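Tertiary structure, described
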Amino acid sequence: MLWALTEARAVLGHRTAGWVRTMASRSLLVAPPAALSKPLFIPSRLLLGPGPSNLTPRVMAAGGLPVLGHMHQEVYQIMDEIKQGIQYVFQTRNPLSLAISGSGHCALEAALFNLLEPGDSFLVGVSGIWGQRAQDIAERIGARVCPMVKAPGGHFTLQEVEEALAQHKPVLLFLAHGESSTGVLQPLDGYGELCHRHQCLLLVDSVASLGGAPIYMDRQDTCGVLRLAQPAWNGVGPAGEGSGPTARLDGIDVLYSGSQKVLNAPPGTSLISFSDKAKNKIYARKTKPVSFYLDIQWLANFWGCDDRPRTYHHTTPIISLYSLRESLAHLAEQGLENSWQQHREASEYLHTCLQGLGLQLFVKDQALRLPTITSVVVPMGYDWRDIVKYIMDHHHIEIAGGLGPSAGKVLRIGLLGGNATRENVDRVTRALREALQRCPRSKL
Ligand code: GLV
C-alpha cells in the first residue's frame, strides 16, 4: 500500500492519491490509470486506407445526440428507417433486412451461423482475406468447406463456379464482391441464377464495394458496368435483360456490408438482407445457430421483420444506429447512381495519377478494379512500411499495406464516400511522390 501511495502521489498529486489510499484500504488492487486523467486527444487525419473512412459532419452530429432506450418507439422508428435505407442501398425488397450490432465480420458470422449447419457443404471463393475468413468461420461451424482458391488478384468466372457447384453440390456459395485486400471487383452478373439452378444459395460480401460499385441484390444484372467484365460463358456472351438466351434476373440470397467505408459512419454496425429462399432455409433449421447474439430469428423479431410483437433481444448501440441512419439518408439523398459515378471518376483519376508516378496497379484488368480501394504494387526496392509511415508522419494521411495474402505485395488507397474527391487524389499523389523521393531504397 505504501508503494501504491508513493507511486500514485508522484503521478496523480496528493488529492487523487489520497483517494487511491482510501480505496486501496478497501482492497482495490489497481490504481486509477494516470493515462485516463489526461484529456482525450484525437489527431486530425485524412483516412485514405481501406476503411474506416472519415465521418461526414452529418454523421458526426448524429453521434452527439442523446441516448434513448433501445425499446423506445422513436428508436423502433429509426430502426424501420434503417431497414428502408438498406433496401434502397442493396436494391432489394426483402422484408428480412436489418442492421447487425457489430462490424462486417459480425455480419459474415451472422450469415454463416444461420445458413450453415454441421455437415453442410459450403463452397467458398478464396482469392483474398474475406474468402479465408469465411472458410475459417464455416470450419468452426463444422460445415464441409470446399474452397476454390485463386492467387491474390484473381476472381471467379461463371464457368469455374459452375464446375465447382456440380462437383461439390454446396448449399451455399460465398463470393466477395469487393475484395478489399486485393482491390478486385468480383463480377456477379449471372451467379445467382447459376447457384439457384444448382439448389445453392448465394452469399455476397459487399463491405468494400457497397455505394461505390453497382450491385442489385434482387436482380443481379448491372446493366453494362459489370457486363463489360464478364467473360463469355458456355459460348454465350455477357447477357443482360432480354439480350441473351436467358434473362438473368435471379439475385443474391444474402448480402451484407459495413458502416465504415462508403457510408462514412463509425465502424461497429453492419447491414444484412436475406431473400425468401435464404429465410426459408434459416427457419427450417434442424439445429439452433451456435450464436444467440446473431440468431436471425431473434433479430428478425427485434427488428420488426416478422408478424410478432417485438421482444427484447439485446441492447443495440443506439448512437451508432443514429449515425447509420444518417449515413443511409445521405446516400439516399445523393442517389446510388451518383455515388457509383463519383467513385468511378475519382478512382480513374487516381489510377492516372499513380501511373504518372511510375507505379503499377495490382489489378491489370480495368473492369475488375474495385472503384473504392485501389491496390498498387509495392515499388521495387522500397519497404511498403516506410512509405505508409512517411505519408502518415508528414502528411497526416492514412494509406495501408496489403492484408492477409496481399501483405507485402501491395499498397492500398481507399476513396470511400465523401473521401472520393479529386482534391484528395491530388493530396495523396503529392504525398506519395514525396515519399518515393525521400524513403530509403535498397540497391538493386
Ligand atoms: C479491412 O477491411 C481491410 O481491407 O483492411
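Refer to the structure presented above.
Read across the open sheet, the three strands follow the order β11-β14-β13; overall the sheet is antiparallel. The open sheet has two edge strands, β11 (373–377) and β13 (400–401), and neither has a second partner. Looking at chain direction, β11 and strand β14 (residues 410–414) are connected through five bridges and run antiparallel. What sits directly across from V376, in β14, is L411.

All chains considered together, the criterion is met by three aromatic pairs. Residues Y76 and F302 carry aromatic rings whose centres are separated by 6.2 Å and whose planes lie at 80 degrees to one another, so their mutual orientation is edge-to-face. Note that Y76 is positioned in helix α4 (residues 73–90) and F302 in helix α10 (residues 296–302), a separation of 226 residues in sequence. Of the two residues examined, Y76 and F302, each falls in the buried class. Between F292 and W298, the ring centres sit 4.9 Å apart and the planes meet at 55 degrees, which makes this aromatic pair tilted. For W298, a relative accessible area of 35% translates into the label partly exposed. Residue placement shows R219 over the ring face of Y216; its charged tip is 5.4 Å from the ring centre. The aromatic ring of Y349 is capped on one face by R422, whose charged end is 3.7 Å from the ring centroid.

L112, F122, F174 and I272 are the most contacted members of the largest nonpolar core, which totals 85 residues. Leave out the neighbours within four places in its chain, and F174 touches L108, F122, L123, V124, G125, W130, G131, A134, L203, D205 and Y256. In this structure, L46, L357, I397 and I399 belong to the second largest nonpolar core, which totals 30 residues.

Here we come to the state of the cysteines. Within the structure shown, the criterion is met by zero disulfides. As a non-bridged cysteine, C195 has C200 as the owner of its nearest cysteine sulfur, 4.3 Å distant. Relative accessible area serves as the criterion here: at 0%, C195 is assigned to the buried category.

Around the ligand, the neighbouring residues are P50, W130, S180, K261, L403 and R412. Look at the ligand: alone it shows 200 Å² of surface, and the protein chains cover 80% of it.

Turning our eyes to something else, we now look at the sheet that holds strand β5 (residues 172–176). Within the open sheet, the seven strands sit side by side as β2-β10-β9-β8-β5-β3-β4. Their pairing is mixed. What marks the edges here is a single partner per strand, and that holds for β2 (97–100) and β4 (144–149). Strand-to-strand twist in this sheet, taken as the mean axis angle between neighbours without regard to direction, amounts to 20 degrees. Note: strand β8 (residues 201–205) against strand β9 (residues 254–258), three bridges, orientation parallel. Directly across from D205, in β9, lies its bridge partner Y256.

Enumeration according to the criterion identifies 15 salt bridges in this entry. With a shortest N-O distance of 3.2 Å, R385 and D383 are connected by a salt bridge. For D383, a relative accessible area of 29% gives the class partly exposed. Each of the salt bridges in this network shares a partner with another, and the network as a whole consists of R58, E81, R325, E326 and E333.

Before going further, it helps to examine unusual backbone geometry. The omega angle of the peptide bond from G51 to P52 is 5 degrees, so this bond is cis rather than trans. Within the secondary structure, P52 is located in the loop between β1 (46–47) and α3 (57–63). Phi angles above zero are rare outside glycine, and N264 is one such case at about 55 degrees. Within the element layout of this structure, N264 appears in the loop between β9 and β10 (270–274). With a phi angle near 55 degrees, H396 is a residue other than glycine that sits in the positive phi range.

What counts, and at which threshold
- Residues numbered from 1 in each chain as written.
- Predicted model: local features only at pLDDT ≥ 70, side-chain atom pairs only at ≥ 80, totals over all residues.
- Heavy atoms only, no water.
- Pairing = 2+ DSSP bridges.
- Helix = DSSP H or I, 4+ residues; strand = E, 2+ residues; numbered from the N terminus.
- Phe/Tyr/Trp six-rings, centres within 6.5 Å; stacked < 30°, edge-to-face > 60°.
- Buried < 20%, exposed > 50% of the residue type's maximum accessible area, 1.4 Å probe, protein only.
- Lys NZ or Arg CZ within 6 Å of the ring centre and 35° of its normal.
- Core = buried A, V, L, I, M, F, W, Y, C linked by side-chain atoms within 4.5 Å.
- Contact = heavy atoms within 4.5 Å.
- Disulfide = S-S within 2.5 Å.
- Near = heavy atom within 4 Å.
- Areas by Shrake-Rupley, 256 points an atom, 1.4 Å probe, with all protein chains shown as cover.
- Axes fitted to C-alpha atoms, helices over the stretch in contact; angles between N-to-C directions.
- Salt bridge = Lys/Arg side-chain N within 4 Å of Asp/Glu carboxyl O.

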